[in-house]
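# Summary of structural features
Read off the chains here:
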Amino acid sequence: MDVIFRVRRFDGEKSYWSDFVIPAKKGMTVLEGLYYIKENYDGSLAFRASCRMGICGSCAVKINGKPVLACETQILHLNSTTIKIEPLDNFEVIKDLVTEFDGFFTKHEAVKPYLIRKEDRYSEPEELIQKPEQLYAYYKYSLCIKCGACYSVCPASSSRDDYLGPAAMTAAYRFIADSRDEGDGERMQIVCGDCGVWRCHFAAECSEVCPKKVEPAKAVQKLRFRSAIYMLEKFFIRW
Amino acid sequence: MSNELNGLRTKRVLEPAGWVLQLITGLVLAVLVTFHFFETHMIHHSAMEYENVILRLSDVRYKIMYGLLLLSVSFHAFNGVRAIFLDTNYGSENRRFVNILLFLAVIVAFTYGLLLLFSF
Amino acid sequence: MRWLKWFEFRGKSLFHISYSLHRLTGIVLVIYLVMHLSYLTSIRIGREVYEYFTSTTLTPAFLIFDILLVLAGVYHGVNGLRLILHEFGLGYELRRPLLYLCYLLTLVLWLYASYQMYLFVMGV
């Protein structure tokens, strides 16, 4: 079955639509369709992709208005003869479907997404023991692949550049909920700024579009509750 | 997209306090606004006549109830507007101005309403 | 004008739409609050001014505005209770049924309140 791909293009100056006809077969993904275009019609088409199996998070694009991973979306499952492919919202477009992720990763870095221990003894390393239920407290949030789908639909991210965004705050909660981590206070100071958890108003669209079902909305609600209590407690004790 | 996150520098207790109070006043309002609607529209049909309004405003119990309603609603409304402003780049650049302006708005709305409560 | 994206529904789920409506009704209610507070000053000025105001606003022609206002109020209230529940970290797994329940409850309460206001204005 032939399917028309309408791809949103941007060449650095102007944006326009390009149409391509793709001979879709059963099981063919949108990403394979994009590769088909690159190989047969237009070698200048730019898009990001790497693993082709939903692990790397490179190929998130907006397909028919919804952000999804191109490698996990089958063309025939979309049930439409014209498929609109656009770059993610809330990101600056560099070329065609490729968007600028620098700011996104800066924010991810800002929440210190790594284990913080009071003392690290690398000379005599010790095992950090964790029970299964302690693992399950954060396991789901550790599945994030940083594809940016949640960030692209978040209404707060769309209007404020320095808002941390759902992905970064989920990463923060993933470490705060980790029983081995001892950097709670440090991280809460960061997410408690006014570009942090307070800008979330539970539109919950991030959980709707997340391709790995990480549920960022839940993580942000829990993070906000914990950081509010932490901050207020600290304020009143100091008083 | 800027690489600098200027929202990281802020008064840490202001935001959590605002959030918690927004939720609490929200709950209070759900009850009081419903009551307000009931007593103006449903208990009896002359509730909005001048004498009855004055009568209610002179009653201490009503004064307390209206005072609480007024306080909650002024805070909830203008703190909500503050959140809307802070959701934008304009708000992140003029955080202090927005905070002060909307805090003044709460005070003005509250005292303006109190004038009415204390006139009777 | 990037905030206009708050109200863009294309390709968005009902969750995003309820967020947009919450914000929209919130703004409407703030405007109404300011109007309501200034309107009440008429009580202090005197009986004639107050009665002039009520005689123009408590009329069938104004009923449509009142009904729309109550819709905004009821929606903001019911949806707000749902948000408070979630923001305290409760009922996240039930968020879809709760969302539908919220719309249903809004509709029921709105129709009931509208009926009561209709009776009130018509003086039945």
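Residues numbered from 1 in each chain as written. Chains lettered and ligands numbered in written order. Predicted model: local features only at pLDDT ≥ 70, side-chain atom pairs only at ≥ 80, totals over all residues.

## Focus: the overall build of chain B
To keep it simple, the criterion reads: Numbered from the N terminus, helices here are DSSP runs of H or I no shorter than four residues, and strands are runs of E no shorter than two. Only C-alpha atoms enter the radius of gyration; for comparison, a globular chain is expected to reach 2.2 Å times N to the power 0.38, where N is the number of residues. Exposure classes come from backbone-placed C-beta atoms, where a residue is buried if 20 or more other C-beta atoms lie within 10 Å of its own, exposed if 12 or fewer do, and partly exposed in between. Residues are scored as being in contact if the C-beta atoms we place from backbone atoms lie within 7 Å.
Looking only at helices and strands, chain B features 5 helices and 0 strands. Counting helices and strands in the order they occur from the N terminus, chain B gives α-α-α-α-α. Relative to the compact-globule value of 14 Å for 120 residues, chain B shows a C-alpha radius of gyration of 18 Å, a clear excess of over 25%. Dimensions of chain B along its principal axes, counting C-alpha atoms only, are 60 × 25 × 20 Å. Relative to its full complement of 120 residues, chain B shows a buried share of 27%. For chain B, the share of sequence-separated contacts (at least 6 apart) that also reach a separation of at least 24 residues comes to 73%.

## With respect to the packing of helix α1 (residues 14–45) of chain C against helix α3 (residues 60–87) of chain C
All names here are of chain C. Basically, it comes down to this: An axis is simply a line fitted to the C-alpha atoms; with a helix, the fit covers only the stretch in contact. Between two such axes, the angle follows the N-to-C directions and lies from 0 to 180 degrees. The labels follow the angle: roughly parallel below 35 degrees, roughly antiparallel above 145, roughly perpendicular from 65 to 115, and oblique for the rest. The handedness criterion is simple: a crossing whose near helix is rotated anticlockwise from the far helix by less than a right angle is left-handed, and one whose near helix is rotated clockwise is right-handed. Charged residues are taken to be Asp, Glu, Lys and Arg, nonpolar residues to be Ala, Val, Leu, Ile, Met, Phe, Trp, Tyr, Cys and Pro, and polar residues to be all remaining types, Gly included.
One can describe the packing of α1 onto α3 by two numbers: an axis separation of 9 Å at closest approach and a directional angle of 125 degrees. As far as their axial angle goes, α3 and α1 are oblique. As for how α1 packs across α3, the hand of that crossing is left-handed. Contacts between α1 and α3 involve Ser18, Leu21, His22, Thr25, Gly26, Val28, Leu29 and Tyr32 from the former and Leu69, Ala72, Gly73, Tyr75, His76 and Asn79 from the latter. Taken together, the residues of the contact of α1 with α3 sort by class into 7 nonpolar, 7 polar and no charged.

## Brief notes about helix α1 (residues 30–40) of chain A
All names here are of chain A. Put simply, the rule reads: This arc describes the spread of directions from the helix axis toward the C-beta atoms.
Those residues of α1 that fall on the buried side of the exposure criterion are Val30, Leu31, Gly33, Leu34 and Ile37. Each buried residue of α1 sits inside an arc of 160 degrees when the element is viewed along its axis, so together they form one side. When the buried face of α1 is taken as reference, the exposed residues oriented beyond 90 degrees from it are Glu39 and Asn40.

## Some thoughts on the confidence of the model for chain B
As a reminder, the rule being used: Residue-level confidence of the predictor, termed pLDDT, takes values from 0 up to 100.
In this model, chain B carries a mean pLDDT of 86, and residues with pLDDT of at least 70 account for 90%. Mean pLDDT values over the elements of chain B span from 84, in helix α2 (residues 50–58) of chain B, up to 94, in helix α3 (residues 60–86) of chain B.

## Examining the interface of chain A and chain C
The partner chain C presents 18 residues to the 16 residues of chain A that form the contact. Residue assignment for the side of chain A that touches chain C shows that the elements contributing at least two residues are α5 (155–159), α8 (205–209) and α9 (216–238) of chain A. A per-element tally of the side of chain A that touches chain C places α9(A) first, with 5 residues. For the side of chain A that touches chain C, the residue count by class is 5 nonpolar, 5 polar and 6 charged.

## A short note on the environment of C:Tyr19
Here C:Tyr19 lies in helix α1. Residues contacting C:Tyr19, with those up to four places away along its chain left out, are A:Pro155, A:His201 and A:Ala203.

## Thoughts on the pairing of strand β4 (residues 66–69) of chain A
All names here are of chain A. Our working definition: Strands were regarded as paired on the criterion that DSSP finds at least two bridges between them.
By the alternation rule, side chains of β4 split into Pro67 and Leu69, which are all buried, and Lys66 and Val68, of which none is buried. Pairing analysis gives 4 bridges linking strand β3 (residues 60–63) to β4, with the strands arranged antiparallel. Considered in β4, the bridge of lysine 62 is made with proline 67. Once β3 ends, the chain turns through 2 residues before running back antiparallel as β4, passing asparagine 64 with a positive phi of about 50 degrees.

## Focus on helix α6 (residues 165–176) of chain A
All names here are of chain A. For clarity, the threshold we go by: A helix is expected to reach a length of 1.5 Å times the quantity of its residues less one.
Taking 1.5 Å per residue, 12 residues should reach 16 Å; α6 reaches 17 Å between its end C-alpha atoms and fits that length. With respect to burial, α6 is a largely interior element, 12 of its 12 residues being buried. Within α6, burial applies to Gly165, Pro166, Ala167, Ala168, Met169, Thr170, Ala171, Ala172, Tyr173, Arg174, Phe175 and Ile176. In this structure, the buried residues of α6 make contact with α2 (102–110), α4 (149–153), α5, α7 (184–191), α8 and α9.

## Considerations on the packing of α6(A) against α9(A)
Residues and elements named next belong to chain A. Between α6 and α9, the least distance of the axes is 9 Å, while the angle of their chain directions is 60 degrees. By the angle between their directions, the pair α6 and α9 is classed as oblique. As α6 runs across α9, the sense of the crossing is left-handed. On the side of α6, the interface is formed by Pro166, Ala167, Met169, Thr170, Ala172, Tyr173 and Ile176, while α9 contributes Pro216, Ala219, Val220, Lys222, Leu223 and Arg226. Tallied by class, the residues present in the contact of α6 with α9 amount to 10 nonpolar, 1 polar and 2 charged.

## Side note on the pairing of strand β1 (residues 2–10) of chain A
Residue and element names in this part refer to chain A. For β1 and strand β2 (residues 15–23), the ladder comprises 9 bridges, and the chain directions are antiparallel. Opposite aspartate 2, over in β2, you have proline 23 as the bridge partner. In textbook terms, the turn of a hairpin is the stretch between consecutive antiparallel strands, and for β1 and β2 this stretch comprises 4 residues, one of which, glycine 12, has a positive phi near 100 degrees. Sheet analysis places β1 next to strand β5 (residues 82–86), joined by 4 bridges and oriented parallel.

## Notes on the nonpolar core
Using the following cut-off: Definition of nonpolar core: a set of buried Ala, Val, Leu, Ile, Met, Phe, Trp, Tyr and Cys residues joined via C-beta atoms within 7 Å.
Ranked by internal contacts, the top residues of the largest apolar core, which has 72 residues, are A:Ala70, A:Val111, A:Cys150, A:Met169, A:Ala172, A:Val191 and A:Leu223. No other element matches the 8 residues that α6(A) contributes to this core. In this structure, A:Val111 is in contact with A:Leu164, A:Ala168, A:Met169, A:Ala171, A:Ala172, A:Arg187, A:Ile190 and A:Val191, ignoring residues within four places of it in sequence. Counting 13 residues, the second largest nonpolar core, distinct from the first, contains B:Leu29, B:Val98, B:Leu102 and B:Ala109.

## A look at the environment of A:Gly165
Topologically, A:Gly165 is positioned in helix α6. In this structure, the C-alpha to C-alpha distance between A:Gly165 and A:Ser152, residues 13 residues apart in sequence, is 9.2 Å.

## Description of the sheet that holds β3(A)
Residue and element names in this part refer to chain A. Strand order in the open sheet made by the 5 strands is β2-β1-β5-β3-β4, with mixed pairing throughout. Both edges of this open sheet fall to β2 and β4, since each of them pairs with a single strand only. Here the average twist between neighbouring strands, direction ignored, is 35 degrees. Strands in contact with α1 are β1, β2, β3 and β5; relative to β2, the strand with the most contacts, it is inclined by about 100 degrees.

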